[in-house]
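Below are the chains, spelled out letter by letter.
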Amino acid sequence: MLYAVLCYEDEKAVSAWTQEEDDACMARLDLVQDAMRAKGRLGPVVRLQNTSAATTLRKNSGTTVVLDGPFAETKEQFLGFYVADCDSIDEAIAFAEELAKANPGSGAGAYEIRPLAIYRPGDVTPPKG
């Protein structure tokens, strides 16, 4: 079963990290990711840019409005996600627990784990520059 592991954290706390703190966190996360990758169980991993770069399209009764920002209603923002191929929800939870240990963030935060019903791998090449 494929699971999405959605990462939520206070982006102000994460954005306040020095480059060295960010690099250290990424190195710890790489170790957790490498373990899943070595099993051939890790799909896309995405780190989102800050919410200040977000755009929201809202729909209502067939009309759409495009707005600047994510308009999150919580202190925590959606920062990124993993796609992991796990044999059970318990394995997906264990993966999320390892990610949480590797990423101290603000001390709070959350990892939402959701089974994926449809998976179509893409052929995404990061932009150059």
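Our subject is the structure that appears above.
This report concerns the structure included in the present document.

## Some details on the nonpolar core
Grouped together as the largest cluster of nonpolar side chains are 19 residues, with contacts concentrated most on Val5, Leu29, Met36, Tyr82, Cys86, Phe95 and Leu99. Listing elements by their share of this core, those giving two or more residues are strand 1 (2-9), helix 2 (19-38), strand 5 (77-85) and helix 3 (89-102). When near neighbours in sequence (up to four residues on either side) are disregarded, Val5 contacts Gly80, Phe81, Tyr82, Phe95, Ala96, Leu99, Tyr111 and Glu112.

## Description of the layout of surface pockets
Quantified by volume, the largest pocket comes out at close to 580 Å³. Looking at the largest pocket, it is lined by 31 residues, and the ones nearest its centre are Val14, Met26, Arg47, Leu79 and Asn103. Looking at the lining of the largest pocket, the elements that each hand over two or more residues are strand 1, helix 1 (11-15), helix 2, strand 2 (42-47), strand 5 and strand 6 (110-115). With six residues, the top contributor of residues to the lining of the largest pocket is helix 2.

## So, the pairing of strand 4 (residues 63-68)
A regular strand carries its side chains on alternate faces of the sheet. Where burial is concerned, little of strand 4 is hidden: zero out of the six residues are buried. Sheet topology note: the strand 3 (residues 55-60)/strand 4 ladder contains six bridges and is antiparallel. Residue pairing for strand 4: Lys59 is matched across the bridge by Thr64. In this structure, the hairpin formed by strand 3 and strand 4 is closed by a connection of two residues, where Ser61 is found at a positive phi of approximately 55°.

## Structural notes on the pattern of salt bridges
Summed over the entire model, instances satisfying the criterion amount to eight salt bridges. A salt bridge links Arg41 to Asp87; the shortest N-O distance between them is 2.6 Å. Taken together, the residues Arg41 in the loop between helix 2 and strand 2 and Asp87 in the loop between strand 5 and helix 3 connect sequence positions 46 residues apart. Classification of Arg41 by relative accessible area gives buried; the value is 17%.

## Description of the packing of aromatic side chains
Scanning all chains against the criterion turns up three aromatic pairs. A centroid spacing of 5.4 Å and a plane angle of 40° characterise the contact between Tyr8 and Phe78, whose relative ring orientation is tilted. Of this pair, Tyr8 sits in strand 1 while Phe78 sits in strand 5, and the two are 70 residues apart along the sequence. The exposure class assigned to Tyr8 is partly exposed, which follows from its relative accessible area of 25%. Using a relative accessible area of 33% as the deciding quantity, one classes Phe78 as partly exposed. What links up through ring pairs into an aromatic cluster is the set Tyr8, Phe78 and Phe81.

## Digging into the sheet that holds strand 2
Across a sheet, strands are paired by hydrogen bonds formed along the backbone, either parallel or antiparallel in direction. The strand order 2-5-1-6 describes an open sheet built from four strands, whose pairing is antiparallel. Unpaired on one side and paired on the other, strand 2 and strand 6 mark the two borders of the sheet. On average, each strand axis in the sheet is tilted by 20° relative to the strand beside it, whichever way the strands run. Running over the sheet, helix 2 touches strand 2 and strand 5 and is turned about 165° from strand 2.

Basis of the calculations
- Residues numbered from 1 in each chain as written.
- Predicted model: local features only at pLDDT ≥ 70, side-chain atom pairs only at ≥ 80, totals over all residues.
- Heavy atoms only, no water.
- Core = buried A, V, L, I, M, F, W, Y, C linked by side-chain atoms within 4.5 Å.
- Buried < 20%, exposed > 50% of the residue type's maximum accessible area, 1.4 Å probe, protein only.
- Helix = DSSP H or I, 4+ residues; strand = E, 2+ residues; numbered from the N terminus.
- Contact = heavy atoms within 4.5 Å.
- 1 Å grid on protein atoms, 1.4 Å probe; cavity = no way out; pocket = protein on both sides within 12 Å on 5 of 7 lines; lining within 4 Å.
- Points joined across faces, edges and corners; volume = space filled by probe spheres on them.
- Pairing = 2+ DSSP bridges.
- Salt bridge = Lys/Arg side-chain N within 4 Å of Asp/Glu carboxyl O.
- Phe/Tyr/Trp six-rings, centres within 6.5 Å; stacked < 30°, edge-to-face > 60°.
- Axes fitted to C-alpha atoms, helices over the stretch in contact; angles between N-to-C directions.

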